[in-house]
Each structure stands twice: as C-alpha cells, then as structure tokens.
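Coordinates in review
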Amino acid sequence: MWYLLKSGTFLLVLKVIGLNLVLAAESQRLHDLIYTPISGAGCFRRLNGTHQTGCSSGQSGSVGALHLIQVVEDFEFLLRNPPAPPYAPMIPPHLFTRQNMLRLKNAGPQNISVVLLINEVDKMTQFSHELTCPNRYSGLLLNGSKETATCDTRNVENSWNPWGTGLLHEDFPFPIYYIADEEEVYKLKSCFAKFNNFDYDGHATRSLCSVEVKTFMVGAVSSEVCMRRSNFINNLSRTVYCDPLEGNNVYGTLYPRKYSENTAAGESRGVRKVDPNEKFIVISCRMDTTSMFDGLGLGAMDSLTGYVTLMSLAATLKQYLPSSYSDLTKKINILFLIFNGESYDYIGSQRIVFDMENLDFPTRSTHTSPISFENIDLLIDIGTLDDMSTINVHTLTATESAKSFAMVLNSQGQKFNTQFELSIGSNLPPTSAQSFLRKKPAFPALILNSKPTNRYYHSIYDNAANLNFTFGNYTEQDYTKLMSTDEALNYFTADSVQIKIRNVSTSIALTLTQMLLGQEYTASRYASPILVDELLHCFLQSADCRLFENASPVNGLPGLPIPPTRYISVASNTQETPGWTYRLFGLLLSSVEANITRADCVPLPLLWINGQKDEGECRRTTHNYSHALSPAFSIDNYDWKSGEYSTWTESTWMSFSARIFLRPSRVHEIVTLSIGIVVLIISFCLVYIISSRSDVLFEGATRSSDALTAPTAC
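Residues numbered from 1 in each chain as written. Predicted model: local features only at pLDDT ≥ 70, side-chain atom pairs only at ≥ 80, totals over all residues. Heavy atoms only, no water.

So, on to the overall build of the protein chain. Scanning the protein chain for helices and strands turns up 18 helices and 25 strands. Expressed as lengths along the three principal axes of its C-alpha atoms, the size of the protein chain is roughly 120 × 75 × 55 Å. With 714 residues in all, the protein chain has 51% of them scored as buried. In the protein chain, the share of contacts with a sequence separation of at least 24, taken over all contacts with a separation of at least 6, comes to 79%. Taken as a whole, the protein chain presents about 33,800 Å² of accessible surface, with 55% of it coming from carbon and sulfur. (Helix = DSSP H or I, 4+ residues; strand = E, 2+ residues; numbered from the N terminus. Buried < 20%, exposed > 50% of the residue type's maximum accessible area, 1.4 Å probe, protein only. Contact = heavy atoms within 4.5 Å. Areas by Shrake-Rupley, 256 points an atom, 1.4 Å probe, with all protein chains shown as cover.)

Structural data, given as structure tokens:
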C-alpha cells in the first residue's frame, strides 16, 4: 500500500511539473506571437556640471504608434491634434534636423513618446549633431567670459563644424532609437503599412502597430546632483546613478628615459624633482570620438586620420633618426601623447596638464623624473585632417620657432603636393593643445588642422565610406618597410587616403629629423602606406586584423571581427581603443632585444609580443598608460559650475530593448476595462450572496472543523 501511495504521489508530481512546462512553453509562444523584437542602438543620457543631455524612456518603457515620416509635411499630422497619441515617428536621416527634432520635443511626451531613426541614407547630405563650436566652454576663453575665444559662435560659416546641429547636447523627454539593419527597417515599415497607413481619422477606433522602447536612465539633473546621490550610502549600500567619463591616455617616447635607483628612492620619500636638462618635442592627437547612440561612431574623419598620421609618423621617425639618443645633434627626445575623452571638454589633456602641474606625470611607479611645462620645447598637435592637400599650422602667437618650423614643413610638403600654411591668432581648432594654452598662453604649441569639410562630424555616419577608404589587404608585405613614391603607387592610387596620410606623416617626419640632426635631411624612402592601410582597416572594419595580432601577446585573444569602440565611456566598460593603442606603441616604438627568451623577457619595459613573424619576440618598450579622468572628480569640494575642468558623467541604465506589437484602440481598452469592472462587481455580489446564504446552500455538508480531533482535557 505504501509503495502504491508513493508511486501515485510521484506520478502526480510529474504531471504537475509537465503541466507547468507546457503552460510555460505556451505562454512563451503567446509572447512571441504578440511581440517582435527590434535590434538597434539607443540614445542615452550624459550630464555635466549644470545640465543633462540625451534621452531616456519611462521607467517601464515608452510606447507609441508607428508613423512614417517621408517629407517635412508628414510632421504636421503628429503636431496638430493627432487622433490616437502618443506616436512614434520613424524619421530618415535627412529629416532628422534640429528644427524638426525641437518641434517634436516641444510637442511634449503626450503626443510623441518615441522617435525611431531609420537607416535610409539616399537623400542624406549631412549629419552632425555636435555643436558648431565643439568644446566651446573648455578651451581658450574671451576675457571676462565663459565663451570660447577660438570659434565664432555667431557666424556658423567661420565655425569649426558648420554643419553642427547641437542635438547631441539637447535633452529630450523621449527615447531616440537608431535602426540600422535593413530587415528591421522593413519590418517596421511593413507593420506601419498594414495597420496604420490608412484611415488616419479612425486611428482611435482600431488597433495600431506600435513600438515599445526601454532605455530608462537613472541619472538626472546634473553631474553635481547625480554624483552626490551616488556617493550617499544608505543601509550600508551604495546606489550608483552615474559614473564619470573615464579612460586612459597612452604615451610613449622615441628614446628610453633615464631610470635610476636614486630616483626611485627619492620618490618613496615623496620628493619629485624635474630634470631641467631633459627636453621633449611632444606630438599629440586624440583617440576618441562620440555620437548620439550607444556603441556607434567610428570617427573616421573627425579623429582617426590624425591618429593614424601620428602612428605612421612614429614608425617613420623610428627609422629616420639614429637608434641611440647620444647620436642626436640636439638632445631632444620625442614624446608621443594620445589623449582620450577629448570630445568631452578635453578630459585626457586636462588631466595631463593637471598632472604636469602637480609633478605627477608620469606616475611614480615609472621611476623616472616628472615632466613639466619647462621640459617641453614644442607641442605639435595633430587635429582633424579633412583636406590633406592644404593643412594650416595654427599658433596663438607669432614666434621665430613657429615660423621656422612651418617654413621647413611646407618645404618638405611640396615634395608630396601638400601645402602647409602658417595661421597666427586666436582662431584655433578645438584640439588638445587648447588645454595647454589655457594654462599658459605663451606655451609653444602648433596645431596641424585643415579647413573643415566633414559633414558627418561626431556622428554614426563618419565611417569608412565618408573617408573613401578601401582596404588594400596586402597581408604578405612588411608594413614597417619604408618605400619610395614609385613603390607606394604600385599599391595605392595617388588620390587614395592611404597615400594622403603617408604624405602628411612623411612631411612631418622629415621636418623633425632635420630639426634634431641640425642639418638638411633628404630621403628616398618614405612612410609606408601599407601601415596606414592596416591601421585604417583595424579601426574601421575589424579588430581581428594582422596588425593587432602582431602587437598582441603570444597566444593572446584575437580582436573581435568588428571595429573597436572609440567612445571614452566609463571605467567599468571595456577600454578597447586605449588597449590597442598601448599595444601598437609596444610594436612600433619598441626595439627588438635579440637572444632574450620568453622566460627572461621580464619585467617591464621588456615585453614579449607576437611580432610580424608570429613567432614571439622580446621588445624593449617606452610606452605606458596615463589616467584620463577629469581633475574635477579628484578635487575636494570642486565648484561644479566653475567651468575650469570637464564635469561629464554618464547615467547608468539596465538595458536597451525595443519591440513592436499591436496596441489596442482606446475604445477597445475602455470596453475591456469596463467589462473587467462589471465582472469584479458581479463577483463581489455573488460572493456576498453565497456567504450570507451558506447555511441554506450547504445544509448538511460536513464542515472542515468537524474533521479536527477534540483537544485532550487537562
């Protein structure tokens, strides 16, 4: 009997579990029938010392009926008493303008709950949502003002980004979701055509194809408020509402710096002294870019051309100049600085300047002397190179050294049909040099920058197509080998971006070589366009590339088959571009240490990497990281409204998602609610009647209390 009871119980449990599994499967099928997920990228919220910018959905998501915008007149339907609000307009890029977006913003969330940007670029001629004067409050300022002195904010034609709409710095009360995939766009348009695109006056009486977007942002108001809330500890726990924009700068020197035990011992006692005899020429650029949407934005023209020019220049100088520092006529080392976070009020360069002022660059752990302003003879900052046939050499003040350098540079550039023109005055491009000049206007800084022609500055469309880049894929060739012009033209055409960047980097390399050797320098072999080709391929098409593999540790994980993210992001996110930059410096600036095994290739500055032969080799490196975090987050009781340092933070969020479904009509919702209320009232009445007549209805029935055993008398 006990066995049968156990068997019966076991079978009952199995049936219950099976029923639950069937119900779960059926509910999942029902969910899949109701909702169709849509892949894309969301706009998110950033904050500074005084404002919040970007987008956010409601906490449980935002829902709107789809409406396709094809011409400007289609906006009128949404803005003039729409019949079944809220709506979610699907907007192509050419209509995603400041005027149209502000009209939607002013319509309020009661009419517009979601905006979908669909990837239809046929009519697009420009797409930049940065300000016309990028970083307008963080560079050189007008006397007695917080306005920039280096860009005319009132004259768009004379600005550094004439096509900028400033939408990147607006705060929207609804989420904006970018749909790039053609199949996803087709699904949205098909759903709109089937359910929404007819009888517009009857929208309120029928079900409409709608989208639900979840991009809720936790941070709000400003960085000051958000950081104060994040730092508040409640019940022994801390809730993070936002994080500072934070990453790493990467630097490296052409020649190894001095290291001594005395320096290390002195630093351990807290004493750091600058070596006034150590001089540098600093060559800098930025590694980051930005856009309105999470994880998107390659910055092909706005920053990558300058980055690749610096890398090509470093590799070329490594071969032009003597291998020994003592063989230089002028004892000046070259310091390469690649800044991170420059898109957000010069985060990286502000931190370097701050650390130089406090004798904290490089860090104590390097056991080298700190570098300060007095160690720098010249800063050459490579900005945006939209037009590489004519490049301006900007300087704030006219000095003999600036004139001399520009003259020699232009002379070298003539060999490659590249013109360098000296430009003197405060009309300076928004580059990292402004952080140095803001602290010391007499600082010896030159900025190489061309006239702006990039109509997609800081946007999702500043990609390989915008740069007109086609990968040559010469995988069998040595990318570090210098080559003559005739050799280079065997691989690329004269008007290709590879040759143009090669021409610019060679011109600078020849000028610096002549400067350091103290005599005119001629060369028959120039920078490698194959190296330029490989760099552009790795950053614009795939991180799973030969160059990154050669620069990586032996048996290291390969890069992903997509371009690395170049947005600075926050400390908790993967810092892809600083990592690859660090490895590239380890490959291009280092020297091979022969006859050293892998086991003996320690500690730093010795580094074991794959190398071009993929067999592993020991390298003596000269590069390192530097923290790219605004000083505002390190200074106690910092005045967030002072504008002295960058204060950008990024709101935290859980996840991004979007899905389409049929939203019932308002009439259907009212009828359903009314029926539910009626059923509820009837249920209460029935329960009351049954309860009050239970003695009659259940006469003679055994009560549950009758089955209880009477308590034992004491």
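From this point on, the discussion continues.
What follows deals with the sheet that holds strand S1 (residues 36-37). Pairing between sheet strands relies on hydrogen bonds along the backbone, with the strands arranged either parallel or antiparallel. Sheet architecture is open: eight strands sit in the order S1-S25-S9-S5-S6-S7-S8-S2, paired in mixed fashion. For this open sheet the edge positions go to S1 and strand S2 (41-42), each flanked by a neighbour on one side alone. Here strand S5 (residues 62-68) pairs with strand S9 (residues 208-214) via four bridges, running antiparallel. Each residue of the ladder has a partner; that of Gly64, found in S9, is Val211. Where helix H3 (residues 98-107) meets the sheet, its contacts fall on strand S6 (87-91), strand S7 (115-118) and strand S8 (176-179), and the angle it forms with S6 comes to roughly 175°. In the packing of helix H4 (residues 182-195) onto the sheet, the strands contacted are S1, S5, S6, S7, S8, S9 and strand S25 (657-663), and the crossing angle to S5 comes to about 80°. (Pairing = 2+ DSSP bridges. Axes fitted to C-alpha atoms, helices over the stretch in contact; angles between N-to-C directions.)

Moving on: the state of the cysteines. By the definition in use, this model includes six disulfides. One disulfide in the model links Cys133 with Cys151; its S-S distance is 2.0 Å. Because the sign of the S-S torsion sets the handedness, a value of about -70° for the bond joining Cys133 and Cys151 places this disulfide among the left-handed ones. Taken together, the residues Cys133 in the loop between S7 and S8 and Cys151 in the loop between S7 and S8 connect sequence positions 18 residues apart. Here the two residues Cys133 and Cys151 agree in accessibility, since each one is buried. Through a disulfide, Cys538 is tied to Cys545; the S-S separation comes to 2.0 Å. Torsion about the S-S bond of the Cys538 and Cys545 cystine: about 115°, corresponding to right-handed handedness. Side by side, Cys538 and Cys545 carry an identical accessibility label, which is buried. (Disulfide = S-S within 2.5 Å.)

Before going further, it helps to examine the pairing of S7. Every regular strand shows the same layout, with side chains that alternate between the two sheet faces. Along S7, one buried face is formed by Val115 and Leu117 and the opposite face, lined by Leu116 and Ile118, is buried too. Strand direction decides the pairing type here: S6 and S7, joined by two bridges, are parallel. Pairing of Met90 across the sheet is with Leu116, part of S7. The β-α-β motif built from S6, the intervening H3 and the parallel element S7 has right-handed crossover chirality. (Right-handed = clockwise from strand over helix to strand, strands pointing away.)

Below, the discussion takes up the packing of helix H7 (residues 300-320) against helix H14 (residues 529-540). Between H7 and H14, whose axes approach to 10 Å, the crossing angle comes to 140°. On the basis of the axis angle, H7 is oblique to H14. By crossing handedness, the relation of H7 to H14 is classed as right-handed. Between H7, through Ala300, Leu304, Tyr307, Val308, Met311, Ser312 and Ala315, and H14, the contact on the second element is made entirely by Leu531, Val532, Leu535, Leu536, Phe539 and Leu540. Of the residues belonging to the contact of H7 with H14, the class tally is twelve nonpolar, one polar and no charged. (Parallel < 35°, antiparallel > 145°, perpendicular 65-115°, else oblique. Left-handed = near helix turned anticlockwise from the far one by under 90°. Nonpolar A, V, L, I, M, F, W, Y, C, P; charged D, E, K, R; others polar.)

Here we come to the confidence of the model for the protein chain. With 92% of its residues at a pLDDT of at least 70, the protein chain reaches an overall mean of 91. For the stretch residues 1-6, pLDDT sits under 50, and the model shows zero contacts to residues farther than four places along the chain or on other chains. (pLDDT = per-residue confidence, 0-100.)

Within the secondary structure layout, Pro244 lies in strand S12 (residues 242-244). The exposure class assigned to Pro244 is buried, which follows from its relative accessible area of 13%. Here the alpha-carbon distance between Pro244 and Gly306, two residues 62 residues apart in the chain, equals 26 Å. With residues near it in sequence (within four places) discarded, Pro244 still touches Met227, Ser569, Val570, Leu629, Phe633, Trp648 and Thr649.

To continue, consider the pattern of salt bridges. Tallying each qualifying case throughout the model produces 19 salt bridges. In this structure, the salt-bridge partner of Arg98 is Glu170, at a minimum N-O distance of 2.9 Å. Placement of the pair is Arg98 in helix H3 and Glu170 in the loop between S7 and S8, with a sequence separation of 72 residues. According to the relative accessible area criterion, Glu170 is buried, its value standing at 16%. A salt bridge links Arg257 to Glu278, with the shortest nitrogen-to-oxygen separation between them at 2.7 Å. Note that Arg257 is positioned in the loop between strand S13 (246-253) and helix H6 (261-268) and Glu278 in the loop between H6 and strand S14 (280-286), a separation of 21 residues in sequence. Classification of Arg257 as buried rests on a relative accessible area of 17%. One connected set of salt bridges, linked through shared partners, spans Glu76, Arg80 and Arg103. (Salt bridge = Lys/Arg side-chain N within 4 Å of Asp/Glu carboxyl O.)

A cluster of acidic residues, Asp544, Glu549, Asp614 and Glu615, forms a negative patch at the surface. Inspection of the secondary structure puts Glu549 in helix H15 (residues 546-551). (Patch = residues over 30% accessible without salt bridge, like charges linked within 9 Å, V, L, I, M, F, W, Y side chains within 5 Å. Lys, Arg positive; Asp, Glu negative; His and termini not counted. Charge placed at Lys NZ, Arg CZ, Asp CG, Glu CD.)

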